[in-house]
Amino acid sequence: MTHRPLGARRRRLVLELPVDEPDGFGGRLRRYVAGPVLWGSLEALGSTAAPRGGRDDRPGLYRVGLRYRPGVTPAMRLADGTRRFAIRAAGDPDGRRRDLVCEVEEVIEEASP
């Protein structure tokens, strides 16, 4: 990946950090809390699955370009307004600590009946 000008990172994203809490039955519940605001670019890569039953609610795959920051892991996710993106992989493409590229999958929330 070539170095992108800062103007290409015009999407305001929030890095959401995971918080695990006991559920009272021996398991754990995961929720996310808002972390730092980051500016990045979002590029669509396609989807992960074929439509099922005529429904087109399959998760999309995206590439997010950010300024380098250490400690971003697949346990975290990114928020873009009401959209949420689970981080599948994050890495420094050239090892120079200038850019961070994340492969993400859009989280499709189940609608309540």
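Preceding this paragraph is the structure being described.
So, here is what we can say about the structure in this document. Values in this document were obtained by computation on a predicted structure and should not be read as measured data. (Residues numbered from 1 in each chain as written. Predicted model: local features only at pLDDT ≥ 70, side-chain atom pairs only at ≥ 80, totals over all residues. Heavy atoms only, no water.)

Describing the pairing of strand S5 (residues 83-91)
No. 1: Summarising the sheet, strand S4 (residues 77-80) and S5 pair through 4 bridges and their orientation is antiparallel. Residue pairing for S5: Asp-80 is matched across the bridge by Arg-83.
No. 2: Connecting S4 to the antiparallel partner S5 that follows it, the hairpin turn spans 2 residues, and Gly-81 within it adopts a positive phi of roughly 65 degrees. (Pairing = 2+ DSSP bridges. Helix = DSSP H or I, 4+ residues; strand = E, 2+ residues; numbered from the N terminus.)

Focus on the pattern of salt bridges
When the charged atoms of two side chains lie near each other, side chains of opposite charge can form a pair.
No. 1: For the coordinates displayed, the defined rule picks out 11 salt bridges.
No. 2: The partner of Arg-9 in a salt bridge is Asp-99, with the nearest N and O atoms 2.2 Å apart. Note that Arg-9 is positioned in the segment before strand S1 (11-22) and Asp-99 in strand S6 (residues 99-106), a separation of 90 residues in sequence. You'll find Arg-9 and Asp-99 in the same group, each marked buried.
No. 3: One salt bridge connects Arg-98 with Asp-94, and the closest N-O pair in it is separated by 3.6 Å.
No. 4: Residue class for Arg-98 comes out partly exposed when judged on its relative accessible area of 30%.
No. 5: Under the relative-accessibility criterion, Asp-94 is labelled partly exposed at 33%. (Salt bridge = Lys/Arg side-chain N within 4 Å of Asp/Glu carboxyl O. Buried < 20%, exposed > 50% of the residue type's maximum accessible area, 1.4 Å probe, protein only.)

Digging into unusual backbone geometry
No. 1: In this model, Arg-97 sits at a positive phi of 60 degrees, which is unusual for a non-glycine residue.
No. 2: Here Arg-97 is to be found in the loop between S5 and S6.

Things to note about the nonpolar core
No. 1: Ranked by size, the top nonpolar core spans 14 residues in total, and within it Leu-78 and Val-104 carry the most contacts.
No. 2: Among the elements of the structure, S1, strand S3 (60-67), S5 and S6 are those that each provide at least two residues to this core. (Core = buried A, V, L, I, M, F, W, Y, C linked by side-chain atoms within 4.5 Å.)

Concerning the side chain of Glu-105
No. 1: Turning to its location among the elements, Glu-105 is positioned in strand S6.
No. 2: A distance of 3.1 Å separates polar atoms of two side chains, one belonging to Glu-105 and the other to Arg-88. (Polar contact = N/O pair within 3.5 Å; in protein donor to acceptor, adjacent residues only side chain to side chain.)

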